[in-house]
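As a plain string of letters, each chain reads:
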Amino acid sequence: MVPPGPPPGHRTHSGSRPVIAQDIAQTLVDPRAYADGKRIDDAFAYLRREAPLEQAQPEGFDPFWVVTRHADILEVERQNELFHNGDRATTLVTIEADRKVREMMGGSPHLVRSLVQMDNPDHMAYRRLTQGWFMPQNLRKLEERIREIARGFIDRMAEHGGRCDFARDVAFLYPLHVIMEVIGVPEADEPRMLKLTQELFGSADPDVNRTGEEMSRNADGVDTIQSVVMDFMMYFNGITEDRRVKPRDDLASVIANGQVNGAPLGHLEAMSYYIIAATAGHDTTSSTTAGALWALAENPDQFRKVKSDPALIPGLVEESIRWVTPVKHFMRTATADAELAGKKIAQGDWMMLCYPSGNRDEAQFADPFRFDVTRSPNKHVAFGYGAHVCLGQHLARMEMRILWEELLPRLEAVELDGAPRNMVANFVCGPKSVPIRFRMS
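Residues numbered from 1 in each chain as written. Predicted model: local features only at pLDDT ≥ 70, side-chain atom pairs only at ≥ 80, totals over all residues. Heavy atoms only, no water.

Participant: Talk me through the overall build of the chain; I want residue IDs and the actual numbers.
Facilitator: When helices and strands are tallied, the chain shows 18 helices and 14 strands. Computed over the C-alpha atoms, the radius of gyration of the chain is 21 Å, within 12% of the 22 Å expected from 2.2 N^0.38 for a compact globule of 441 residues. Based on the C-alpha atoms only, the size of the chain along its principal axes is roughly 65 × 55 × 40 Å. Every one of the 441 residues in the chain was classed for burial, and the buried ones make up 58%. A separation threshold of at least 6 residues defines the contact pool for the chain, and within that pool the share at least 24 residues apart is 71%. As presented, the chain carries roughly 18,000 Å² of accessible surface, and 51% of it is formed by carbon and sulfur atoms. (Helix = DSSP H or I, 4+ residues; strand = E, 2+ residues; numbered from the N terminus. Rg over C-alpha atoms; globule rule 2.2 N^0.38 Å. Buried < 20%, exposed > 50% of the residue type's maximum accessible area, 1.4 Å probe, protein only. Contact = heavy atoms within 4.5 Å. Areas by Shrake-Rupley, 256 points an atom, 1.4 Å probe, with all protein chains shown as cover.)

Participant: Describe the packing of aromatic side chains, listing the residues and the values that go with them.
Facilitator: Scanning all chains against the criterion turns up 10 aromatic pairs. An angle of 20° between the planes, with centres 6.4 Å apart, marks the rings of F166 and W404 as stacked. Remark: W404 occurs in helix α18 (residues 393-407) and F166 occurs in helix α9 (residues 166-171); sequence separation between them is 238 residues. For the pair F166 and W404, one class covers both residues: buried. (Phe/Tyr/Trp six-rings, centres within 6.5 Å; stacked < 30°, edge-to-face > 60°.)

Participant: Quick one: what's the story with the nonpolar core, residue by residue and with numbers?
Facilitator: Judged by nonpolar contacts, the single largest core of 107 residues is most densely connected at M157, F166, I183, M193, F236 and W404. When residues in this core are grouped by element, the largest group, 14 residues, is from helix α14 (residues 267-298). Ignoring any residue separated from it by four or fewer positions in sequence, one finds I183 in contact with F236, R243, D250, L251, A252, A277 and A278. Counting residues in each nonpolar core, the second largest holds 27 residues, with I20, L92, M331 and W350 among its members. (Core = buried A, V, L, I, M, F, W, Y, C linked by side-chain atoms within 4.5 Å.)

Participant: Report on the pairing of strand β2 (residues 64-67), specifying residues and quantitative values.
Facilitator: The pairing of strand β1 (residues 53-56) with β2 spans 4 bridges and is antiparallel. Bridging from a neighbouring strand, E54 pairs with V66 of β2. Alignment of β2 against strand β10 (residues 350-354), held across 3 bridges, turns out to be parallel. Counterpart to V66 in the pairing with β10 is M352. (Pairing = 2+ DSSP bridges.)

Participant: Now, about the environment of A204: what can you tell me, with residues and values included?
Facilitator: Tracing the chain through its elements places A204 in the loop between α11 (190-201) and α12 (222-245). Under the relative-accessibility criterion, A204 is labelled buried at 9%. Between the C-alpha atom of A204 and that of R32, which follows or precedes it by 172 residues, the distance is 8.7 Å.

Participant: For the packing of α14 against helix α15 (residues 300-308), give the residues involved together with the corresponding values.
Facilitator: Running from amino to carboxyl end, α14 crosses α15 at an angle of 110°, the nearest separation of the two axes being 5 Å. The orientation of α14 relative to α15 falls into the category roughly perpendicular. Residues L296, A297 and E298 of α14 form the contact with α15, whose participating residues are P300, Q302, F303 and V306. Considering only residue class, the contact of α14 with α15 consists of 5 nonpolar, 1 polar and 1 charged. (Axes fitted to C-alpha atoms, helices over the stretch in contact; angles between N-to-C directions. Parallel < 35°, antiparallel > 145°, perpendicular 65-115°, else oblique. Nonpolar A, V, L, I, M, F, W, Y, C, P; charged D, E, K, R; others polar.)

Participant: Which residues make up the confidence of the model for the chain, and what are the values?
Facilitator: When pLDDT is averaged along the chain, the result is 94, and 95% of the positions lie at 70 or above. For residues 1-15, every residue scores under 50 in pLDDT, and the model assigns this stretch 37 contacts once sequence neighbours within four places are set aside. (pLDDT = per-residue confidence, 0-100.)

Participant: Describe in detail helix α3 (residues 38-50), supporting the description with residues and values.
Facilitator: For α3, spanning 13 residues, the distance from its first C-alpha to its last is 18 Å, which sits close to the expected 18 Å at 1.5 Å a residue. Taken together, the buried positions of α3 are occupied by I40, D41, D42, A43, F44, A45, Y46, L47 and R48. (Expected span 1.5 Å × (residues − 1).)

Participant: Break down the sheet that holds strand β14 (residues 435-440) for me, with residues and values.
Facilitator: Strand order across the open sheet formed by 3 strands is β4-β14-β11, with antiparallel pairing between neighbours. The open sheet is flanked by β4 (163-165) and β11 (411-416), the only strands paired with a single partner. Across the sheet, the mean angle separating the axes of adjacent strands is 30° when strand polarity is ignored. Two strands pair when backbone bridges link them, and β4 and β14 are joined in this way by 3 bridges, in the antiparallel orientation.

Participant: So what about the pattern of salt bridges? Which residues, and what values?
Facilitator: For the coordinates displayed, the defined rule picks out 44 salt bridges. In this structure, E144 and R147 form a salt bridge, with 4.0 Å as the shortest nitrogen-oxygen distance. Placement of both E144 and R147 in helix α8 (residues 143-158) is noted, with a separation of 3 residues, approximately one turn of the helix. For E144, a relative accessible area of 51% gives the class exposed. In this structure, D231 and R210 form a salt bridge, with 2.5 Å as the shortest nitrogen-oxygen distance. Of this pair, D231 sits in helix α12 while R210 is found in the loop between α11 and α12, placing the two residues 21 residues apart along the sequence. Counted as one network, the salt bridges with shared partners bring together E143, E144, R147, R151, R401, E405 and E406. (Salt bridge = Lys/Arg side-chain N within 4 Å of Asp/Glu carboxyl O.)

Participant: Run through the environment of L408, naming residues and quoting values.
Facilitator: As for its placement among the helices and strands, L408 is situated in the loop between α18 and β11. Sequence separation of L408 and G315 is 93 residues, and the distance between their C-alpha atoms is 14 Å.

Participant: Kindly report on the sheet that holds strand β3 (residues 83-84), identifying the contributing residues and their values.
Facilitator: One open sheet accounts for 5 strands, arranged β1-β2-β10-β7-β3; its pairing is mixed. On the outer flanks of this sheet lie β1 and β3, each paired with one strand and no other. Note that β3 and strand β7 (residues 329-334) share 2 bridges and pair antiparallel. Directly across from H84, in β7, lies its bridge partner T333. Packing of helix α4 (residues 70-78) onto the sheet brings it into contact with β2, β3, β7 and β10, and relative to β10 it is tilted by some 125°.

Participant: Can you explain the packing of α8 against helix α10 (residues 173-183)? Please cite residues and give values.
Facilitator: Between α8 and α10, the shortest axis-to-axis distance is 10 Å and the interhelical angle comes to 150°. Crossing of α8 over α10 shows right-handed handedness. Contact residues: α8 offers R145, I146, I149, A150 and F153, while α10 offers L173, Y174, H177, V178 and E181. (Left-handed = near helix turned anticlockwise from the far one by under 90°.)

Right, here's the structure in full:
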């Protein structure tokens with residue numbers, strides 16, 4: 001793949017005013033640019049070269065620093081007391097959307113209060129509640145069950161007769177089934193969970209959101225997103241009531257009956273815990289799995305390489321995580337005046353950590369626009385870093401490793417059967433359709 005060329009436009013620095021030109025600033029927030037892929041890659045590549053840490057102010061947004069380099073992203077993530085998650089919105093929102101959320105939530109900038117929106121001491125206290133469930137030594141007891149689930153979906157793929165949409169028929173459903181079993185959601189409710197997840201993360205995408213429109217017109221979709229959140233909460237209220245009466249060996253029972261600092265979880269915190277587990281717990285893995293097969297279909301040399309040498313499967317997993325980077329950004333807020341990469345950051349400044357840019361950083365990755373299952377080292381930032389590193393990273397890696405261990409020996413050939421498409425979103429997104437032709441043994 002040819003590295004992207006520079007898009008036009010970059011203003012010179014002028015005090016503390018935003019200096020990233022408006023065409024690029026608008027690209028950074030445009031959900032369609034992330035669906036396009038090349039357009040956002042071009043913008044990030046230009047910024048890494050010419051303005052790796054500068055401020056942008058797209059129309060309708062407060063200004064924010066755009067952190068594009070791998071090293072700078074790590075530096076911000078490492079200093080979790082200096083750069084907070086929860087003081088302002090944790091994802092990009094317009095001024096109007098922020099006003100609307102604060103009005104709804106009594107001054108808080110967050111519709112939910114999960115680990116993502118927390119800082120210490122709350123973050124560590126709430127994380128500790130379920131952390132043991134996601135440690136490698138505890139996940140080993142799930143391996144055979146996950147392998148059984150993977151084989152079932154591969155058998156179903158074989159029944160499609162040589163053509164399927166790998167995203168919709170396999171990649172969306174396999175990690176969904178795994179995490180719902182871990183949480184304790186009945187299999188019959190999995191389609192509902194998938195639909196709500198896609199409505200939440202794909203609120204700008206007319207194919208999956210509730211409006212059927214490209215963009216919801218009420219305060220940038222806040223009302224629509226809030227209605228999805230409320231549907232999740234109504235569902236998990238029922239789960240909570242059940243687990244308090246009849247606890248089981250599942251994650252829902254831990255959340256329903258858990259205590260933090262000697263007291264039961266607050267309603268918002270408990271519901272938010274369920275929501276992050278039930279959405280991020282499968283959607284990011286689904287996106288990475290779909291993106292991996294898309295990349296293998298486009299790079300037959302890489303497919304042959306990993307098929308002939310199963311020892312490369314962990315490398316395939318890491319490269320696909322880097323390649324797709326399903327979480328596109330998180331926002332941080334400076335708690336004090338600071339300096340980063342020679343720039344003066346003021347207390348209260350908002351910062352956008354651009355993970356796809358960090359994972360294409362030429363200073364960190366040789367030939368970053370090439371999909372390479374043998375890439376080593378592969379220190380991507382797709383799971384974050386430091387105190388907020390992804391809680392479910394070990395489960396995600398295990399799920400993907402097992403799927404490829406079961407699928408690759410049976411998959412004799414694969415090619416695209418039409419144009420794959422990405423979800424239209426600027427926060428969490430990946431492929432929504434990967435049509436393929438294949439031959440299986």
